[in-house]
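Tertiary structure, described
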Amino acid sequence: AQSVTQPDIHITVSEGASLELRCNYSYGATPYLFWYVQSPGQGLQLLLKYFSGDTLVQGIKGFEAEFKRSQSSFNLRKPSVHWSDAAEYFCAVGASSGNTPLVFGKGTRLSVIA
Amino acid sequence: DVKVTQSSRYLVKRTGEKVFLECVQDMDHENMFWYRQDPGLGLRLIYFSYDVKMKEKGDIPEGYSVSREKKERFSLILESASTNQTSMYLCASKGITKGFTEAFFGQGTRLTVV
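So, here is what we can say about the structure in this document. Keep in mind it's a predicted model, so treat the numbers as computed, not measured.

1. Focus: the sheet that holds strand β7 (residues 64-70) of chain B
What holds strands together in a sheet is hydrogen bonding between their backbones, with the strands either parallel or antiparallel. All names here are of chain B. If you walk across this open sheet you meet the four strands as β1-β3-β8-β7, and the pairing is antiparallel. Of all strands in the sheet, those bounded by a partner on one side alone are β1 (4-6) and β7. Averaged over all adjacent pairs, the angle separating strand axes in this sheet is 20°, with direction ignored. The sheet contact formed by β1 and strand β3 (residues 19-25) spans three bridges and is antiparallel. Bridging from a neighbouring strand, Thr5 pairs with Val24 of β3.

2. Quick word on the side chain of B:Ser87
Residue and element names in this part refer to chain B. Summarising the element assignment, Ser87 is placed in strand β9 (residues 87-94). For Ser87, a relative accessible area of 3% puts it in the buried group. A polar contact is formed between the side chain of Ser87 and the side chain of Arg36, at a distance of 3.3 Å. In this view, Ser87 contacts Arg36, Gln37, Asp38, Thr109, Arg110 and Leu111; residues no more than four positions away in its chain are not counted.

3. Some details on the state of the cysteines
Here the structure, examined in full by the defined rule, presents two disulfides over all chains. The disulfide bridge from A:Cys23 ends at A:Cys91, spanning 2.0 Å between sulfur atoms. When the S-S torsion is -65°, as for the bridge of A:Cys23 with A:Cys91, the disulfide is left-handed. Of this pair, A:Cys23 sits in the loop between β3 (19-21) and β4 (24-26) while A:Cys91 sits in strand β10 (residues 87-94), and the two are 68 residues apart along the sequence. In this pair, the class of A:Cys23 matches that of A:Cys91, namely buried. Between B:Cys23 and B:Cys91 runs a disulfide, and the two sulfur atoms are separated by 1.9 Å. An S-S torsion of about -80° defines the bridge between B:Cys23 and B:Cys91 as left-handed. Of this pair, B:Cys23 sits in strand β3 while B:Cys91 sits in strand β9, and the two are 68 residues apart along the sequence.

So, how was this worked out
Residues numbered from 1 in each chain as written. Chains lettered and ligands numbered in written order. Predicted model: local features only at pLDDT ≥ 70, side-chain atom pairs only at ≥ 80, totals over all residues. Heavy atoms only, no water. Pairing = 2+ DSSP bridges. Helix = DSSP H or I, 4+ residues; strand = E, 2+ residues; numbered from the N terminus. Axes fitted to C-alpha atoms, helices over the stretch in contact; angles between N-to-C directions. Buried < 20%, exposed > 50% of the residue type's maximum accessible area, 1.4 Å probe, protein only. Polar contact = N/O pair within 3.5 Å; in protein donor to acceptor, adjacent residues only side chain to side chain. Contact = heavy atoms within 4.5 Å. Disulfide = S-S within 2.5 Å.

Shown next as structure tokens:
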């Protein structure tokens, strides 16, 4: 069965500091991987996705993520965090075919302090 | 611009009422989903549909039903609302036959059952 683990429930970083949010997945075949962001009271917005090819993917708002098959990880990074990045972040995994839903992690809440 | 629209941002209903949450997508996507989001639990799948009139139970279908009479519309029904169904409800859609896509989300419906 597919599963996604986000080990950190809540992270606080200073504005301008670097950020890494962890995501580990369990999946039997090549996964499709996603990071979403949710601002308070809003729906989820896609930050980036990995389907195949280059294992370092660039997304919106200056985010990037690296797929590491050997570690079953897809960690999200940003070199310099802005106060507007405070939100909840969700990692998700999906199958490459068929009518199957995405499976989401429980999310990591990011707080940004001055 | 792709769009998933949920009929209400906020709803307040009484215990025992029948509640309809509506979701419409304009992307001709085959798959549609209803998730429930609660603090600390992430997104949990209630039901999904991979075609008109087709539905599959997700992880937490109890107390809910769904309807998909047209491809673009997917409704979530609470037959008799209870206070433990107070939550944020998120609708999403995903394409398949025109190429795998990520899931696109609506803005969410915050339901309070009193």
